[in-house]
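Structural features, examined
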Amino acid sequence: MYELIINLLPLSITLIQLSDAYLRYLAFRGQMSEDTVRLLWVRLGIWGLCSMVSYFMLFRYADLTVITYKLVLMLGWIPYLAIFMATVRQNVLQHIFVFGMSSIWALSLHNWSSIVIAAFFMELPEQVIISVHAGLYLPWFLLLFPIIQNSFRHILLPRHFFTSGSHGYFIALFPLAILFSPLLLLADEQLVHSWQEHVSCLFQPVFFFFLYRYVLLCAREFYDHRAAQRDSQRMERQSSFLDKYYRIVLRNQRRIAILRHDLRHNFRLLYAMVEDGKLDEAKAHIEAQKKQLDTMVEVPFAKSPLVNAAVSIYVWQAQKLGIPIHQKILLPETFTVDEDDLAVLLANLLENAVNASKKEPPESRFLFLLLDCEDHHWTMEIENNAGTPLSLGKDGLPHKKGSTEGFGMQSLAMFLKKYSAQAQFSYANGCVKFSMHWEEAAPC
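Attention in this report is confined to the structure presented alongside it. (Residues numbered from 1 in each chain as written. Predicted model: local features only at pLDDT ≥ 70, side-chain atom pairs only at ≥ 80, totals over all residues. Heavy atoms only, no water.)

**Here we look at the overall build of the protein**
As a reminder of what qualifies: Starting at the N terminus, helices and strands are each numbered in turn, a helix being any DSSP run of H or I of at least four residues and a strand any DSSP run of E of at least two. Remark: exposure states derive from per-residue accessible area (1.4 Å probe, protein chains only) relative to the maximum for the residue type, with buried under 20%, exposed over 50%, and partly exposed in between. Note on definitions: a residue-residue contact is assigned when non-hydrogen atoms from the two residues lie within 4.5 Å. Here, Shrake-Rupley sampling with a 1.4 Å probe gives the accessible areas, and only protein chains in the shown set may cover a residue.
Across its full length, the protein holds 12 helices and five strands. Evaluated residue by residue, the protein yields a buried proportion of 41% over its 444 residues. A sequence separation of at least 24 residues applies to 76% of the contacts in the protein between residues at least 6 apart. Of the roughly 25,300 Å² of accessible surface on the protein, 62% is carried by carbon and sulfur atoms.

Okay, here's the thing in structure tokens:
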């Protein structure tokens, strides 16, 4: 009997740990490619064979006791989790969260096995009780699998829940915090505890479920509220953008109205000059009126309406502030970059540059913009004066200590990710320089 137990128990424990890995696989399945799935199960299968041999050697040469049995149950998950995290490259906090949830489920099934043993098998030898305890896990798992399968397929929260600093850590560690107390009680030489302890463990998943749902609802409300604030701020910025552009158009319309009002007078004056033979004076007057007309008509910077609007607004704003601005925009008539993305990014970056430059003394202010597309290759450069060096974060983008990321850097981060662009900020001799390069998917 002992030899049979020694031979079958390593297989049972390995299947327990693989079933736990399968639950984690269900949580991440929607984010995995077929190649990743195949690689994951090859690695888990190889380690499963290795661990089964290791358990066999441990039980044979270190003797099979409750301590050695609990040791492999409580520590044997480590290689499986390491393989999972190395293969499925997701946020670490997401892995910790899913592992904690699967561990709570595993502990519940072990508790049901202990209840069955306490009711029917307490008179058997210790090694037999251990083998029965391990053997009952898989029947429980298969019996409840339809329920737990659907739960774990939808258990993983969106990525942004785990990327918000302290909130992300709390959500990720919450299941493990609930699990910590009962694990301390179970880490002893006793396999089957009192009925009071087993009954209390039955209610643990129920209490956890309600508490987890409460935390989840609070978190969703928090992120929904923050998203609503961002949308509101974005709408305010868009409204401000349209208002500025409307004022530019209105200014030019007023200038053109003045010029149109003077046209009749100018025609009479030219007619009189021609009749009197003053052709040179007439030509000079025409040239003067032409120059005046050129100053009153908005010269388009780009054929793209949105890009032109973004540049026009901040050229006008820089001129109002006395900031000399030089721009070089060489864009084709059509391009594959989303016009909205490019215009939003330009507007945000130019606004940051204008705001930084206006803080400096008038004699040192300047702004330079280059936007060029040639042979599939895009180049964007913005330079402005600034009195203090930039503070760059881990992502290489400017940030202010103790403040949230601004719209300019948010739009830049999204643009870099969407178009696989490379960006760099530098500071030298009181000048901030931003440069970005990316390749267009189709000919410009």
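Structure shown, so let's carry the discussion forward.
**Some details on the sheet that holds strand S2 (residues 367–374)**
Rule in force here: Strand pairing requires that DSSP identify at least two bridges connecting the strands. For helices, the axis comes from a line fit to the C-alpha atoms of the stretch in contact; other axes are also lines fit to C-alpha atoms, and the angle between any two N-to-C directions lies between 0 and 180 degrees.
Spatial strand order, S1-S2-S3-S5-S4: five strands in an open sheet with mixed pairing. Edge positions in the sheet fall to strand S1 (325–330) and strand S4 (422–428), since each of these pairs with one other strand and no more. Going from strand to strand, the sheet's axes swing by 10 degrees on average, the running direction of each strand aside. One ladder, built from eight bridges, connects S2 with strand S3 (residues 377–385); its direction is antiparallel. Across the sheet, leucine 370 pairs through a bridge with glutamate 381, a residue of S3.

**A few points about the pairing of strand S5 (residues 431–439)**
In summary, the side chains of a regular strand alternate between the two faces of the sheet. Two elements, S3 and S5, share nine bridges in a ladder whose sense is antiparallel. Along S5, the bridge assignment pairs glutamate 383 with lysine 433. As defined by bridge partners, S4 adjoins S5 across seven bridges and the pair is classed as antiparallel. Paired with glutamine 424 across the strands is serine 435, a residue of S5. The hairpin formed by S4 and S5 contains two residues between the paired strands, and asparagine 429 there has a positive phi angle of roughly 55 degrees.

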